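# Fold and contact review
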Amino acid sequence: MAEGGTLISVDYEIFGKVQGVFFRKYTQTEGKKLGLVGWVQNTDEGTVQGQVQGPISKVRHMQEWLETKGSPKSHIDRASFSNEKVILKLDYSDFQIVK
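In this text the structure is predicted, and so the values were computed from the model without any measurement. (Residues numbered from 1 in each chain as written. Predicted model: local features only at pLDDT ≥ 70, side-chain atom pairs only at ≥ 80, totals over all residues. Heavy atoms only, no water.)

## A word on the UniProt feature "domain: Acylphosphatase-like" (unreviewed entry) in the protein chain
In the numbering adopted here, UniProt assigns the feature "domain: Acylphosphatase-like" (unreviewed entry) to residues 9–99. Structurally, residues 9–99 is divided into 26% helix and 43% strand, and its ends, taken at the C-alpha atoms, are 21 Å apart. (UniProt positions renumbered as here; feature names shortened; annotations may be inferred. Helix = DSSP H or I, 4+ residues; strand = E, 2+ residues; numbered from the N terminus.)

## Examining the pattern of salt bridges
Opposite charge on two side chains permits them to pair, given that their charged atoms come into close proximity. Tallying each qualifying case throughout the model produces three salt bridges. The shortest N-O distance in the salt bridge between Lys-33 and Glu-30 comes to 3.2 Å. Of this pair, Lys-33 and Glu-30 both sit in helix H1 (residues 23–33), three residues apart, which is roughly one turn of that helix. Put simply, Asp-94 and Lys-32 hold a salt bridge, and the shortest N to O gap is 3.6 Å. With Asp-94 in the loop between strand S4 (75–87) and strand S5 (95–97) and Lys-32 in helix H1, this pair connects stretches of sequence that are 62 residues apart. (Salt bridge = Lys/Arg side-chain N within 4 Å of Asp/Glu carboxyl O.)

## Here we look at the pairing of strand S3 (residues 48–55)
In summary, the side chains of a regular strand alternate between the two faces of the sheet. Counting buried residues along S3, seven of its eight residues qualify, which places the element largely inside the surrounding structure. The pairing of strand S1 (residues 7–17) with S3 spans eight bridges and is antiparallel. Within the sheet, the bridge partner assigned to Ile-8 lies in S3 and is Gly-54. Relative to S3, strand S2 (residues 37–42) runs antiparallel, the two being bridged by six bridges. Bridging across to S3, Asn-42 finds its partner in Val-48. Remark: five residues form the turn of the hairpin made by S2 and S3, two consecutive strands paired antiparallel; Gly-46 in that turn has positive phi of roughly 90°. (Buried < 20%, exposed > 50% of the residue type's maximum accessible area, 1.4 Å probe, protein only. Pairing = 2+ DSSP bridges.)

## What about the nonpolar core?
In globular proteins that are soluble, nonpolar side chains generally tend to be buried together. Of all hydrophobic cores here, the largest spans 19 residues; its most connected members are Tyr-12, Ile-14, Phe-23, Val-52, Met-62 and Leu-66. Of all the elements in the fold, those that place two or more residues in this core are S1, S3, helix H2 (56–68) and S4. Excluding residues within four positions of it along the chain, Leu-66 makes contact with Tyr-12, Ile-14, Phe-23, Thr-27, Ile-76 and Phe-81. (Core = buried A, V, L, I, M, F, W, Y, C linked by side-chain atoms within 4.5 Å. Contact = heavy atoms within 4.5 Å.)

Spelled out as structure tokens, the structure:
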């Protein structure tokens, strides 16, 4: 999986109308489609947060998707990305929805 260069890990939080619109399901599907691993969950504050890991180019693609697309019925006000770091190996084997 490490072909395509450096692996990175990024935390994210998405603000807007992102709960009750299948945002987590679409995020999981998009992450898997890109071959990324990580997790996504709803927060008590009405946002969606998670972590994504994989090759830099794929993670960048996922960040753009989280910031601009999301699920069809969602309305994204803003996306916050933090704790970006280079990792030597993936911490997860799949892209999970955390309840």
